[in-house]
Amino acid sequence: MPRARAPSAAARSTCAPAARPACTASASTTSTSTTSTASTPPSPSRTRSIGELKKLVEEGKVKYIGLSEASPDTIRRAHAVHPISAVQMEWSLWARDIEPEIVPLCRELGIGIVPYSPIARGFFGGRGVTQQVSAESSLKGHPRFSAENLEKNKQLYLKMEELAKKHQCSPAQLALSWVLHQGDDVVPIPVCAMVL
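Note that the structure is a prediction, hence the values are computed from the model and not measured.

Thresholds applied
- Residues numbered from 1 in each chain as written.
- Predicted model: local features only at pLDDT ≥ 70, side-chain atom pairs only at ≥ 80, totals over all residues.
- Heavy atoms only, no water.
- Helix = DSSP H or I, 4+ residues; strand = E, 2+ residues; numbered from the N terminus.
- Buried < 20%, exposed > 50% of the residue type's maximum accessible area, 1.4 Å probe, protein only.
- Axes fitted to C-alpha atoms, helices over the stretch in contact; angles between N-to-C directions.
- Parallel < 35°, antiparallel > 145°, perpendicular 65-115°, else oblique.
- Contact = heavy atoms within 4.5 Å.
- Nonpolar A, V, L, I, M, F, W, Y, C, P; charged D, E, K, R; others polar.
- Arc of directions from axis to C-beta.
- Salt bridge = Lys/Arg side-chain N within 4 Å of Asp/Glu carboxyl O.
- Right-handed = clockwise from strand over helix to strand, strands pointing away.
- Pairing = 2+ DSSP bridges.
- Core = buried A, V, L, I, M, F, W, Y, C linked by side-chain atoms within 4.5 Å.

**Here's the deal with unusual backbone geometry**
Glycine aside, residues mostly have negative phi, and peptide bonds are mostly found in the trans state.
Here is step 1 of the chain: A positive phi is found at Ser-117, a non-glycine position, where the angle reads about 55 degrees.
Here is step 2 of the chain: Along the chain, the position of Ser-117 falls in the loop between strand S5 (112–116) and helix H5 (147–166).
Here is step 3 of the chain: The buried category is assigned to Ser-117, whose relative accessible area is 17%.

**What to know about the packing of H5 against helix H6 (residues 171–180)**
Here is step 1 of the chain: Contact pair H5 / H6: the axes reach a minimum separation of 8 Å and the direction vectors enclose 85 degrees. Taken together, H5 and H6 sit at an angle that is classed as roughly perpendicular. Residues Tyr-157, Met-160, Glu-161, Leu-163 and Ala-164 of H5 form the contact with H6, whose participating residues are Pro-171, Leu-174 and Ala-175.
Here is step 2 of the chain: Per-class residue counts for the contact of H5 with H6 are seven nonpolar, no polar and one charged.

**Quick look at the environment of Val-87**
Here is step 1 of the chain: Relative to the helices and strands, Val-87 resides in strand S4 (residues 86–90).
Here is step 2 of the chain: Between the C-alpha atom of Val-87 and that of Pro-115, which follows or precedes it by 28 residues, the distance is 8.3 Å.
Here is step 3 of the chain: The contacts of Val-87, once residues within four sequence positions are left out, are Leu-67, Ile-75, Cys-106, Ile-111, Gly-112, Ile-113 and Val-114.

**Some thoughts on helix H3 (residues 72–81)**
Here is step 1 of the chain: Taken together, the buried positions of H3 are occupied by Thr-74, Ile-75, Ala-78 and His-79. Within H3, the buried residues cover an arc of 125 degrees as seen down the axis, which keeps them to one side.

**Let's talk about the pattern of salt bridges**
Here is step 1 of the chain: Evaluated as defined, the whole model comprises seven salt bridges.
Here is step 2 of the chain: The shortest N-O distance in the salt bridge between Glu-59 and Lys-61 comes to 3.3 Å.
Here is step 3 of the chain: Since its relative accessible area comes to 42%, Glu-59 is described here as partly exposed.
Here is step 4 of the chain: Two residues, Glu-108 and Arg-76, come together in a salt bridge whose shortest N-O distance is 3.3 Å. Of the two residues, Glu-108 sits in helix H4 (residues 102–109) while Arg-76 sits in helix H3, which places them 32 residues apart along the sequence.
Here is step 5 of the chain: Residue class for Arg-76 comes out partly exposed when judged on its relative accessible area of 42%.

**Regarding H4**
Here is step 1 of the chain: Restricting attention to buried positions, one finds in H4 the residues Ile-102, Val-103, Leu-105, Cys-106 and Leu-109. Mapping the buried residues of H4 onto a view down its axis gives an arc of 165 degrees, with all of them on the same face.
Here is step 2 of the chain: Where H4 terminates, the next one or two residues include Gly-110, which has phi positive at roughly 75 degrees.

**With respect to the pairing of S4**
Here is step 1 of the chain: Among the five residues that make up S4, five are buried, leaving the element largely enclosed by the rest of the structure.
Here is step 2 of the chain: Residues Ala-86, Gln-88 and Glu-90 line one face of S4 and the alternating positions Val-87 and Met-89 line the opposite face, and both faces are buried.
Here is step 3 of the chain: Taken together, strand S3 (residues 64–68), H3 and S4 constitute a β-α-β crossover, and its handedness is right-handed.
Here is step 4 of the chain: In terms of strand pairing, S4 meets S5 through five bridges, oriented parallel. By the bridge assignment, Glu-90 is partnered in S5 with Tyr-116.
Here is step 5 of the chain: In this fold, S4 hands off to H4, which returns the chain to S5; that crossover is right-handed.

**What about the nonpolar core?**
Here is step 1 of the chain: Grouped together as the largest cluster of nonpolar side chains are 25 residues, with contacts concentrated most on Leu-67, Ile-75, Ile-84 and Val-87.
Here is step 2 of the chain: Where this core is concerned, the elements lending two or more residues are helix H2 (43–58), S3, H3, S4, H4 and H6.
Here is step 3 of the chain: Here Ile-75 is in contact with Leu-67, Ala-70, Val-87, Ile-102, Leu-105, Cys-106, Leu-109 and Ile-111, once residues within four sequence places are set aside.
Here is step 4 of the chain: Core analysis: the second largest hydrophobic core is formed by 16 residues, Leu-139, Tyr-157, Ala-172 and Leu-174 among them.

Next up, the structure:
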């Protein structure tokens, strides 16, 4: 079974039976390798979705199947229908709640892990500490960036900044390096909100 790789293109689809014609049409016009990622519908729907995606894999229209924000139970059920290639979850020095269950399960089943927000939604890049979070930002509603938490979290950032200086890198580079060193089955996807 293939390990997680950065796909050349990513297609999001729940591919329920009613959506199958659209998935088939899309796959027939796409010449690149795609990974289809099922978002989190209710369990029976997700199992049907994986079944439909399995048919597309068998037809050669989809190469790999991945899940996003899935529970351990959902991962097991989906993997029983068809091998899952990758699971996308938030994972960083700040968000480590996938470590007790999701990470060991993925490794047990040979599933790659695709962490998003490895720089903690920009926090280790200085967002909210050395840069202000704009009033329009969706981060304003995130507890980590609320005024009362930011002052406490600033201390964490300053410790991270000190450690980063010791290693001659930025806090963001150090945070990303930590995620990259979690294993060969980990392929993080840092995201930039704007083109620099």
